[in-house]
Amino acid sequence: QSTKAGADGAWRVTFGALKAGETLTLAVKGKNALTVQDVLVGEVWLGSGQSNMAMTVNRCKDFDKEQAAATLPQLRMFTVERVAGTSPQATCKGQWVVCAPETVGAYSATAYFFGRDLHQTLKVPVGLINSSWGGTPIEAWTSAEALAAVPAFKPVLDAWVARTAKPWDRAAAMAGYEKQVAAWKENVKKAKAAGKEPPRAPKKPVDPRLDSYHPANLFNGMIAPLIPYAIKGAVWYQGESNANDQTAELYGLQLEAKILDWRKRWGSDFPYAWVQLPNYRASDRNWPLVREGMLKTLQVPKTGMATTMDIGETGDIHPKNKQDVGHRLAFWALGSVYGQRVASLCGPLPAGHTVKGREVVCTFTHADGGLTAPG
């Protein structure tokens, strides 16, 4: 293929269909010449979200077993370097890493177990792009334009405008942070003595304009640079941060806005699935509201959800069983995207109820093989 670069030096060509599985060399010749070796053709999926998407294989259960079975040269992962941008960026940093026992430990576990199932079932190369950052809200991953189009989100945007209106006082912020750290250390001691889960460490202060929580900042720095790289679809594992504040009740609106915006910018109506927030002992947080928002967003075409209410850990916000999370996302993708026969596309979902005297009779979809409620 040949083309002429624009005034800024940027250019793009589109190849015809290439056979999956071949190892190719990409050669580019202009005034200079570039060569990229060991290029694969196959399925590419984007995995994004916060800490449970970022959580690596070496932190999951059975790591020794998983490491020993990780010689998969046709499975590769590109991890996007974490950058918060105040405007959409054109490039990002990272590199494609071939799956091997010595590299798999640093892979996103959810993305890896999902992609491995696709690779082993479809018998084609699979590339996974991991663009994730722990402890971040959905609005950080959504473009400014998409957020502005959601009227209900205006108070949150206005709060950030007010917060960034005056210059940041770094000295005052660090002094306050040091006090928070001292109090946190004391609370950790108390929690350990009481046999309770220790509180999370306070977040080190940054200029609010560059905060990873700031609306659109992670879209600008970690999603925009990927467009228009060809992807088959996206999987999302996030929601914990939004369960802590007033944005929980807006989660469904934001998730839908983000999906539609990403699709528009890619110019592709690509499939999109997410992981339901699992069971966790969090009575002081609005996890049910976020789950409800996720459930309602299934009305958006070509979407899916991996139900995980049975595979979380009540005392750990980062469940170590990411294998089943990946399997369930893969069931959805293999069945609905690739037309494969699978055990089930989804776990049981509520479909309605009727009241009959003293009974409430609930109905479910995806209750394949029956539904049991022990006790």
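## Some thoughts on the packing of helix 3 (residues 109–122) against helix 10 (residues 322–337)
Inference 1: Where helix 3 contacts helix 10, the two axes come as close as 7 Å, and the packing angle between them is 45°. With respect to helix 10, the axis of helix 3 lies oblique. Along this stretch, helix 3 crosses helix 10, giving a crossing that reads as right-handed. Contact residues: A109, T110, F113, F114, D117, L118, T121 and L122 in helix 3; K322, Q323, V325, G326, H327, L329, A330, A333 and L334 in helix 10.

## With respect to the sheet that holds strand 9 (residues 303–306)
As a general point, the strands of a sheet are linked pairwise by backbone hydrogen bonds and lie either parallel or antiparallel.
Inference 1: Pairing is mixed across the open sheet formed by seven strands, whose spatial order is 5-4-6-3-7-8-9. Edge positions in the sheet fall to strand 5 (96–99) and strand 9, since each has one partner strand and no second. The mean inter-strand angle of the sheet, taken between neighbouring strand axes irrespective of direction, is 25°.
Inference 2: Contacts from helix 3 reach strand 3 (43–49), strand 4 (72–79), strand 5, strand 6 (126–132) and strand 7 (233–237) within the one sheet, and its direction differs from that of strand 4 by about 145°.
Inference 3: Sitting on the sheet, helix 10 is in contact with strand 3, strand 7, strand 8 (272–275) and strand 9, with an inclination near 155° to strand 8.

## Considering helix 8 (residues 251–266)
Inference 1: The terminal C-alpha atoms of helix 8, which comprises 16 residues, lie 22 Å apart, in line with the 22 Å expected from a rise of 1.5 Å per residue.
Inference 2: All of the buried residues in helix 8 are Y251, G252, Q254, L255, A257, K258, I259, D261, W262, R263 and W266.
Inference 3: Of the residues flanking the end of helix 8, it is G267, one or two places downstream, whose phi is positive at about 70°.

## Some details on the nonpolar core
Inference 1: Core analysis: the biggest nonpolar cluster contains 38 residues, and L46 and Y272 have the highest contact counts within it.
Inference 2: Residue assignment for this core shows that the elements contributing at least two residues are strand 3, helix 7 (217–223), strand 7, helix 8, strand 8 and helix 9 (287–296).
Inference 3: Counting residues per element, this core draws most heavily on helix 8, which supplies five residues.
Inference 4: Apart from residues lying up to four places away in sequence, Y272 is in contact with A234, W236, L255, K258, I259, W262, R263, K302, T303, G304 and W332.
Inference 5: With 36 residues, the next largest nonpolar core counts M55, A109, V275 and L334 among its residues.

## Examining the environment of S108
Inference 1: Relative to the helices and strands, S108 resides in the loop between strand 5 and helix 3.
Inference 2: C-alpha separation for the pair S108 and S131, spaced 23 residues apart in sequence, amounts to 9.4 Å.
Inference 3: Non-local contacts of S108, meaning those with residues more than four positions away in its chain, are made with M53, A54, M55, V57, M77 and N130.
Inference 4: Polar side-chain contacts of S108 include one of 3.3 Å to the backbone nitrogen of A111.

## Some details on the pattern of salt bridges
Inference 1: Tallying each qualifying case throughout the model produces 12 salt bridges.
Inference 2: Where salt bridges share partners, they join E145, D261 and R265 into one cluster.

## A short note on the side chain of K258
Inference 1: Residue position: K258 is located in helix 8.
Inference 2: Buried charged residue K258 carries no salt bridge. Nearest counter-charge: D261, at 9.1 Å.
Inference 3: For K258, the contacting residues outside a window of four places in its chain are I138, W141, T142, W236 and Y272.

## Let's talk about unusual backbone geometry
Inference 1: Residue P228 follows I227 across a cis peptide bond; omega there is 10°.
Inference 2: Structurally, P228 can be placed in the loop between helix 7 and strand 7.
Inference 3: Phi at D62 is positive, roughly 55°, even though this residue is not glycine.
Inference 4: Inspection of the secondary structure puts D62 in the loop between helix 1 (51–54) and helix 2 (63–68).

Parameters at a glance
Residues numbered from 1 in each chain as written. Predicted model: local features only at pLDDT ≥ 70, side-chain atom pairs only at ≥ 80, totals over all residues. Heavy atoms only, no water. Axes fitted to C-alpha atoms, helices over the stretch in contact; angles between N-to-C directions. Helix = DSSP H or I, 4+ residues; strand = E, 2+ residues; numbered from the N terminus. Parallel < 35°, antiparallel > 145°, perpendicular 65-115°, else oblique. Left-handed = near helix turned anticlockwise from the far one by under 90°. Contact = heavy atoms within 4.5 Å. Pairing = 2+ DSSP bridges. Expected span 1.5 Å × (residues − 1). Buried < 20%, exposed > 50% of the residue type's maximum accessible area, 1.4 Å probe, protein only. Core = buried A, V, L, I, M, F, W, Y, C linked by side-chain atoms within 4.5 Å. Polar contact = N/O pair within 3.5 Å; in protein donor to acceptor, adjacent residues only side chain to side chain. Salt bridge = Lys/Arg side-chain N within 4 Å of Asp/Glu carboxyl O. Lys, Arg positive; Asp, Glu negative; His and termini not counted.

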